[in-house]
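Observations on the model geometry
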Amino acid sequence: MVLDTAFCPTVVVLGAGRGSRFYGPLRSPRQLDDGDMLEASLRVAVASGLPVLAVTREALATRACTQLAARDVVVVPDVLLPDGRDGTPGLSECISAGVSARPGSSGWVVLPADMPLVLPSTLVAVAQALRVHAVAYAQHAGRRGHPVGFGAELYSELVLLPDDSAARRLVARYPSCGVDVDDPGTQMDVESLRDAASLQAPPGPRAFAPAPPAW
């Protein structure tokens, strides 16, 4: 697919926050601490030909910079919990940080960093759907998945998301477009690249995480 440089949404790879989703967690919330997986997801994003931005923590910023220029890496601080412990930023904080860093973009395609099996062509397909839709998401075999894209008209709401439930409400509030793709990776979040390798290697059972419920 030939990209239109006049309409070129940014892929925002989320590698900082808790492992939650717009539709709720597939597993218990967790903090990404796997630099290899972050690099793998960034390689997928770069291969799409779209502009790419990583949102990550200080501990993984150097790994992100192996794939992107430093100006394309946004570092978000850990959150101080009421009991004094360090916590991880939520989904909404990470999305807001990424969108705020690219205010002039044609839109934003959000890819969790623990989904390195998504195809580059899927990112492009979701990005192109933002020409006519405020929200678009990848869909495989009738099941909603990732990435999720947001049109430029949602900028003011995306940068002011107060909490993770606000991100889900935003997705639900606007008419969204399911982009059909032949890409099982849209349904697969993995714990490690070893998991990813086992998922890609035939033959064998398809041992990926269960498909998300309807939003």
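Structure first, text after, so check above.
Just so we're clear, the structure is a prediction, and the values are computed from it rather than from any experiment. Starting from 1, residues in each chain are numbered consecutively following that chain's sequence as written. Confidence filtering applies because this is a predicted model: local features only for residues at pLDDT of at least 70, side-chain atom pairs given and counted only at 80 or more, and all residues used for totals across whole chains, interfaces and linings. Based on all heavy atoms of the structure, the side-chain values leave hydrogens and waters out of the count.

**Quick look at the overall build of the protein**
- Per the secondary structure count, the protein includes 7 helices and 9 strands.
- Within the structure as shown, the protein displays about 9600 Å² of accessible surface, and the carbon and sulfur contribution to it stands at 54%. Here a strand is any run of E in DSSP of at least two residues, a helix any run of H or I of at least four, and the numbering for each starts at the N terminus. Per-residue and other accessible areas follow the Shrake-Rupley method at a 1.4 Å probe size, with only the shown protein chains counted as cover for residues.

**Observations regarding the pairing of strand 7 (residues 135-140)**
- Burial within strand 7 is extensive, with 6 of its 6 residues counted as buried.
- The classification of residues rests on relative accessible area computed with a 1.4 Å probe and restricted to protein chains. Under 20% of the type maximum is buried, over 50% is exposed, and intermediate values are partly exposed. Of the two faces of strand 7, the one carrying V135, Y137 and Q139 and the one carrying A136, A138 and H140 are both buried.
- Taking the residues that link successive antiparallel strands as the turn, the strand 7-strand 8 (residues 143-151) hairpin has 2 residues, and the phi of A141 there is positive, at about 55 degrees.
- One bridge is not enough; two strands pair if DSSP finds at least two bridges between them. Of the strand pairs in this sheet, strand 7 and strand 9 (residues 176-180) are connected by 5 bridges, and their pairing is parallel.

**Re the sheet that holds strand 6 (residues 107-112)**
- Strand order in the open sheet made by the 7 strands is 3-2-1-6-8-7-9, with mixed pairing throughout. What marks the edges here is a single partner per strand, and that holds for strand 3 (73-75) and strand 9. The average undirected angle you get between the axes of adjacent strands in this sheet is 25 degrees.
- Note that strand 1 (residues 10-15) and strand 2 (residues 52-56) share 5 bridges and pair parallel. Bridge pairing in strand 2 links V13 to A54.
- Here helix 1 (residues 35-47) sits on the sheet in contact with strand 1, strand 2 and strand 6, set at roughly 175 degrees to strand 1. To get an axis, a line is fitted to the C-alpha atoms, and for a helix only the part in contact is used. The angle between two axes follows their N-to-C directions and goes from 0 to 180 degrees. Any two residues whose heavy atoms approach within 4.5 Å at even a single point are treated as in contact.

**Examining unusual backbone geometry**
- With an omega of 10 degrees, the peptide bond running from H146 to P147 counts as cis.
- Position of P147 among the secondary structure elements: in strand 8.
- Positive phi values are uncommon outside glycine, yet A141 reaches one of about 55 degrees.
- Structurally, the position occupied by A141 is in the loop between strand 7 and strand 8.
- Its relative accessible area of 66% is what places A141 among the exposed residues.

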